[in-house]
Each structure stands twice: as C-alpha cells, then as structure tokens.
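Listed here are the chains, written in short residue letters.
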Amino acid sequence: MYDYDLLVVGSANADLVIGVERRPGAGETVLGSDLAVHPGGKGANQAVAAARLGARTALLARVGDDAHGRLLLDSQRDAGVDTAGVLVGGAPTGVALITVDPSGDNSIVVSPGANARLTPTDVRAAAALLTASQVVSAQLEIPLETVVEVVRSLRPGTRFVLNPSPPRELPEEVLAACDPLIVNEHEARVVLGADAGPTPSQWAEALLALGPRSVVVTLGGDGALVADATGQTHVPSVKVDAVDTTGAGDSFTAALGWRLGLGESLAEAARYAARVGAVAVTREGAQASFPTASEVAALCSAIPGDNPRTPGRKDGSGTAPGTSPRGESQ
C-alpha cells in the first residue's frame, strides 16, 4: 500500500499575471490590466490539480521565507496537499511573469528563486516520501541534477512521469525511467533536436526510440497522441471556449499521472486528462481554474461518445483525427 497516489517534485512560484490586448515586441511597451498574484509553478500546480480531483497528493519543493512562499503553502494546504516535503528558505520564492491575451494564450518568464535551490540532497532527505508514493511526477523548473536524483531514488514499481518543461536535452537514465514522457510540440522538437520529423506520429516514434517506456504528445486543440510499445492512439480534444490556458498542461499531467496510478491504460488516462484540461482553460488563472472530479464528470456527461482512436481512422461521427475543435491547451 502507498500513502500517496501522487508525489510531485517540482517548482512553486508566485504567478504575476497581466492581461494584454497583444504581447509587446522588442523595445515596445504596451498597457495591461491590473496585476493579479496567484499561486503557481508547474510542480505546485500539478499537486493542487491532483488533490482537487481526489488524489492523495504530496509536494516536494522549496519556497522562500516570504509572502509569496506563505501564499503557496496556504494554497497547497487548502487543496488538501501534504506539504511535509515543502522546504522553506534559501532564496526568495520563485516568480512567473505572465501575460495573457484576449484569446487566452499566454507568454511566461520565470525567475526560479528558491526552486533553483531544490537539490539532490533534498531528494535524498525525502526518501520516505518517494517510498510512500505510487506515482512520482517531475518537471524541469528545478535543477536537472535534482530530477536525476529523483529517478535514482525511485522505489521499484513506482511510476515516473516527466514533463520536460522548460525543455532541454535529457540524460539517458531519465528518459529510460519516463512512463510516460509528456511533451507538447515545442518540447518534442527541443528534446529531439535534428531528429524531429514533421508530424506528431514521427515525434512520438522518435521519442520512444530515445528510451521512454511511453510517450504523450499534447496537441492543443487536436487533443493528444499517446504511444508505447503496442502502438499509437489519438485522443481527441474537447470543444470549449478558452479563457486562459495558464496551467492547463499542468492539470493534464497531474490527472494523467493519477489515473495511471489507478490502473487505467495510457489512452484512458489521457482521455480523462484532456477533459480536466478542457475545464481548466474555461477559467482564469492556474490553480484557481483546476476542477474537481465532479466538475469533470459533469463535462463527461455533457459530451458523450468521445473515445480514443487509432491514427488514420475515423470515429463513429466521421470526424478524422486532428480535426477536433479548439480545446485544452498544453
């Protein structure tokens, strides 16, 4: 038995958000909305998203001894996340500067702050958390050597999920542990480098060749492509009116990891995760947008018959893969 369905090892930031009519070009100043401050960071976002869905969740992260750090700790506890692994001090809390345009698209600049001080030593000191967790999820807003130590510290049978964001070249031992590696188009191209082909199917095939046990390529409005040794399956998106895509990819990853831990197949877990992300983009903010399980269930009952399918086939309605309307964004 595991004490936690999901342990998230990653970043915790304060999101400083400004709405803009359009993002500025080089040397340009544009006026925006009033500043809004929200708890965020890919690690903290994933932990809150999973806990809101009902997963027993813990977070291993580092925040500063400051107002932003207290904001983050409060948001985790309010969502039901176990914060025993959240370390305090060493540097100011990380900050993300986010602009959101009228379409809901965003641009983000991150100052890592305390996230950069989450070390391999911290991971080793948290061995009890890793041992007690069925699924461990990580990202790359913390030092890569810390993620490597997470992989080395995994208990046999624990599933490791990685979203390599911001993307970079990954060591073989990290790639080999991923089940799955979750990437969007930009992340896939960076990880693959010159080996990136022109289609998502080719990205998935090339990524699997690097060593992950499974791969999920998120495709925004076209859903996601999941791949493992048995083949590839396209999971369609859900039609929604997007308001703010901030944190949608984090909610997708958290939901996917949790459902995999429950024993669902990769395609089943991705289908559920796509619906979680779809709800999230209809609301402003990151953590404030994450749905409960009952809200996801309501969306599922409102849009029946949306099943995973094999690339190249049409579903019962005659809609081909890749033509589904704009939905959750990664």
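Residues numbered from 1 in each chain as written. Predicted model: local features only at pLDDT ≥ 70, side-chain atom pairs only at ≥ 80, totals over all residues. Heavy atoms only, no water.

Draft legend 1. Structural view of unusual backbone geometry. Cis geometry marks the peptide bond from Ser 165 to Pro 166; its omega dihedral reads -5°. Take Pro 166: it is sitting in the loop between β9 (159-163) and α6 (172-177). The amide bond that connects Asp 179 to the next residue, Pro 180, takes the cis arrangement and shows omega of 15°. Position of Pro 180 among the secondary structure elements: in strand β10 (residues 178-183). (Helix = DSSP H or I, 4+ residues; strand = E, 2+ residues; numbered from the N terminus.)

Draft legend 2. Here's a closer look at the sheet that holds strand β6 (residues 94-100). Taken in spatial order, the four strands of this open sheet run β3-β2-β6-β7, and their pairing is mixed. The open sheet has two edge strands with one neighbour each: β3 (36-40) and β7 (106-111). When the angles between neighbouring strand axes are averaged without regard to direction, this sheet yields 25°. Bridge count between strand β2 (residues 13-19) and β6: seven bridges; the pairing is parallel. Within β6, the residue paired with Ile 18 across the bridge is Thr 99. (Pairing = 2+ DSSP bridges. Axes fitted to C-alpha atoms, helices over the stretch in contact; angles between N-to-C directions.)

Draft legend 3. Molecular detail of the packing of helix α7 (residues 185-192) against helix α8 (residues 200-209). The interhelical angle for the contact between α7 and α8, taken along N-to-C directions, is 45°, at an axis separation of 10 Å. When the axes of α7 and α8 are compared, the pair comes out oblique. In this structure, α7 crosses over α8, and the sense of that crossing is left-handed. Of the residues in α8, those in contact with Glu 185, Ala 188, Arg 189, Val 191 and Leu 192 of α7 are Trp 203, Ala 206 and Leu 207. (Parallel < 35°, antiparallel > 145°, perpendicular 65-115°, else oblique. Left-handed = near helix turned anticlockwise from the far one by under 90°. Contact = heavy atoms within 4.5 Å.)

Draft legend 4. View of the sheet that holds strand β11 (residues 214-218). If you walk across this open sheet you meet the nine strands as β5-β4-β1-β8-β9-β10-β11-β12-β13, and the pairing is mixed. Each edge of the open sheet is held by one strand with a lone partner, namely β5 (86-88) and β13 (231-235). Each adjacent strand pair in this sheet contributes to an overall mean axis angle of 20°, direction not counted. Here five bridges tie strand β12 (residues 224-228) to β13, and the two strands are oriented antiparallel to one another. When the sheet's bridge partners are listed, Leu 225 is paired in β13 with His 234.

Draft legend 5. Representation of the packing of aromatic side chains. Per the stated rule, a full pass over the model turns up one aromatic pair. Ring centres 6.2 Å apart and planes at 70° place the aromatic pair Trp 258 and Tyr 272 in the edge-to-face group. Of this pair, Trp 258 sits in helix α9 (residues 248-261) while Tyr 272 sits in helix α10 (residues 266-280); the two residues are 14 residues apart in sequence, bridging distant segments of the chain. Overall, the relative accessible area of 9% leaves Trp 258 in the buried class. Tyr 272 sits in the buried class, given a relative accessible area of 11%. Over the ring of Trp 258 we find Arg 259, and its NZ or CZ is 5.2 Å from the ring centre. (Phe/Tyr/Trp six-rings, centres within 6.5 Å; stacked < 30°, edge-to-face > 60°. Buried < 20%, exposed > 50% of the residue type's maximum accessible area, 1.4 Å probe, protein only. Lys NZ or Arg CZ within 6 Å of the ring centre and 35° of its normal.)

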